[in-house]
Amino acid sequence: MTPNAVFGIGSVHKLVKWITAHLLIQDGELSLDDLVNDHVDRPSLPGVTIRDLMRHSSGMPDIVDVAEFMSAATSEQTREFTYDEMIGFLEASSGQNAFGSFEQGRLAGFEPGIDMSYSSFGPVVLGEVMRTITGRTMQDLVDERIIDRLGLDNTSHMGLEPDPPGLTPGYADAETPNPFFPDAASTLSFSTANGGAMHSTAEDLLEFISAIFGNADFLGPEAVSALTSDALTGAGMSSGLGVIQFDAWRSRGLWGHAGFGIRSHSTTVLHQPETGVSVVVLTNLNAELDQYETNLAVTESILDALSG
């Protein structure tokens, strides 16, 4: 295992997408207070802003809770789902998540901007907003604004590009089978439907998180401050403007993102604002989702070593 070993980073791709949005905001192409439905007609999200998408305060359920999507993705694992197809799954959905029940793609009793419930539909909708505004796909914007600009040579788009050399194999045991399609071709449906998962390395992710919190020429102080300020708290976690904080991370003051499941890879990209330290942990054994206890244990050991 080396700093250039390639892993699927799961939902850490969301942090990449949110930072791309922050860069568009810095350039005046987008505003946190823009209403989502000023840019896209579907889904109907009255009063929901770009800020709400980033803070998981849109009222949309998570993708994995939408049975219609999970059934389609499981049966058609090599299919690239369109935006309209994904919104169709959302609009037809009903069920329950940690917040409560939902019907027709909206959580019951949810107040956008006040309540918080994690949703992977956020980057899906954000990608369509960006395409409408710029005429370019999320993939192209991420390449231009982040991957090429920071020289992240070992970071790529899962499913939309060939598997990179050096991709680390993933493992799962009989008690905890991988829920998110370990085979190469089958990553396409889940990746594209989820707003686009990615591959990366510890070295590239450290370069990325260091640029966010330590390079004022990349992300300005106002945007950096906004990442962790005015956070909303939901079941087991809080969400700022692009970064999250699981309850288990709070005592260490850690913010960042985590990704789980695809090809049995698990990723945490964490930053401790008080000390300015960033830690990236990537693992390749699928285990029961436990708020990334293994990743957190490694992170805490590193922090303890650095603090003497």
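*Asks:* How would you explain the side chain of Thr 299 if you had to name every residue and give the values?
*Replies:* Here Thr 299 is to be found in helix H10 (residues 293–306). Relative accessible area serves as the criterion here: at 0%, Thr 299 is assigned to the buried category. A polar side-chain atom of Thr 299 sits 2.9 Å from the main-chain carbonyl oxygen of Asn 295. Not counting residues within four places of it along the chain, the set of residues in contact with Thr 299 comprises Leu 254, Thr 268, Leu 270, Val 279 and Val 281.

*Asks:* Could you give me a rundown of a nonpolar patch on the surface, with the residues and numbers involved?
*Replies:* A surface patch of nonpolar side chains, amounting to about 250 Å² of accessible area, comprises Val 298, Ile 302 and Leu 306. Note on placement: Val 298 falls in helix H10. Classification of Val 298 by relative accessible area gives partly exposed; the value is 37%.

*Asks:* Talk me through the sheet that holds strand E1 (residues 7–8); I want residue IDs and the actual numbers.
*Replies:* Each strand in a sheet pairs with another by means of backbone hydrogen bonds, the pair being arranged parallel or else antiparallel. Spatial strand order, E1-E7-E5: 3 strands in an open sheet with antiparallel pairing. This sheet does not close on itself; its edge strands, each paired only once, are E1 and strand E5 (156–157). As paired elements, E5 and strand E7 (residues 198–200) share 2 bridges and run antiparallel to each other. For Ser 156, the partnering residue across the bridge sits in E7 and is His 199.

*Asks:* Just give me the short version of helix H9 (residues 221–228), but keep the residues and values in it.
*Replies:* Among the residues of H9, Ala 223, Val 224, Ala 226 and Leu 227 are the ones counted as buried. One side of H9 holds all its buried residues, which, seen down the axis, span an arc of 160 degrees. Exposed side of H9, more than 90 degrees from the buried face: Pro 221 and Glu 222 are the residues found there. On its buried face, H9 sits against helix H1 (12–26) and helix H8 (202–214).

*Asks:* Now, about the sheet that holds strand E2 (residues 94–96): what can you tell me, with residues and values included?
*Replies:* Taken together, the 3 strands give an open sheet; going across it, the order is E2-E3-E4, and neighbouring strands pair in antiparallel fashion. Edge strands, defined here as strands with exactly one partner in the open sheet, are E2 and strand E4 (106–107). The pairing of E2 with strand E3 (residues 101–103) spans 3 bridges and is classified as antiparallel. Each residue of the ladder has a partner; that of Gly 95, found in E3, is Phe 102.

*Asks:* Report on the pattern of salt bridges, specifying residues and quantitative values.
*Replies:* Within the structure shown, the criterion is met by 14 salt bridges. A salt bridge links Arg 145 to Glu 29; the nearest nitrogen and oxygen atoms lie 2.8 Å apart. In this pair, Arg 145 is assigned in helix H6 (residues 138–150) and Glu 29 in the loop between H1 and helix H2 (50–54), connecting sequence segments 116 residues apart. A residue is classified by how much of its surface remains accessible, and Arg 145, at 12% relative accessible area, is buried. Classification of Glu 29 as partly exposed rests on a relative accessible area of 33%. A salt bridge links Glu 300 to Arg 252, with the nearest nitrogen and oxygen atoms 3.7 Å apart. Remark: Arg 252 occurs in the loop between strand E10 (244–246) and strand E11 (255–260) and Glu 300 occurs in helix H10; sequence separation between them is 48 residues. Residues joined by salt bridges that share partners form a network here, namely Asp 27, Glu 29, Arg 136, Glu 144 and Arg 145.

Calculation criteria
- Residues numbered from 1 in each chain as written.
- Predicted model: local features only at pLDDT ≥ 70, side-chain atom pairs only at ≥ 80, totals over all residues.
- Heavy atoms only, no water.
- Helix = DSSP H or I, 4+ residues; strand = E, 2+ residues; numbered from the N terminus.
- Buried < 20%, exposed > 50% of the residue type's maximum accessible area, 1.4 Å probe, protein only.
- Polar contact = N/O pair within 3.5 Å; in protein donor to acceptor, adjacent residues only side chain to side chain.
- Contact = heavy atoms within 4.5 Å.
- Patch = residues over 30% accessible without salt bridge, like charges linked within 9 Å, V, L, I, M, F, W, Y side chains within 5 Å.
- Areas by Shrake-Rupley, 256 points an atom, 1.4 Å probe, with all protein chains shown as cover.
- Salt bridge = Lys/Arg side-chain N within 4 Å of Asp/Glu carboxyl O.
- Pairing = 2+ DSSP bridges.
- Arc of directions from axis to C-beta.

These figures capture arrangement, not role.
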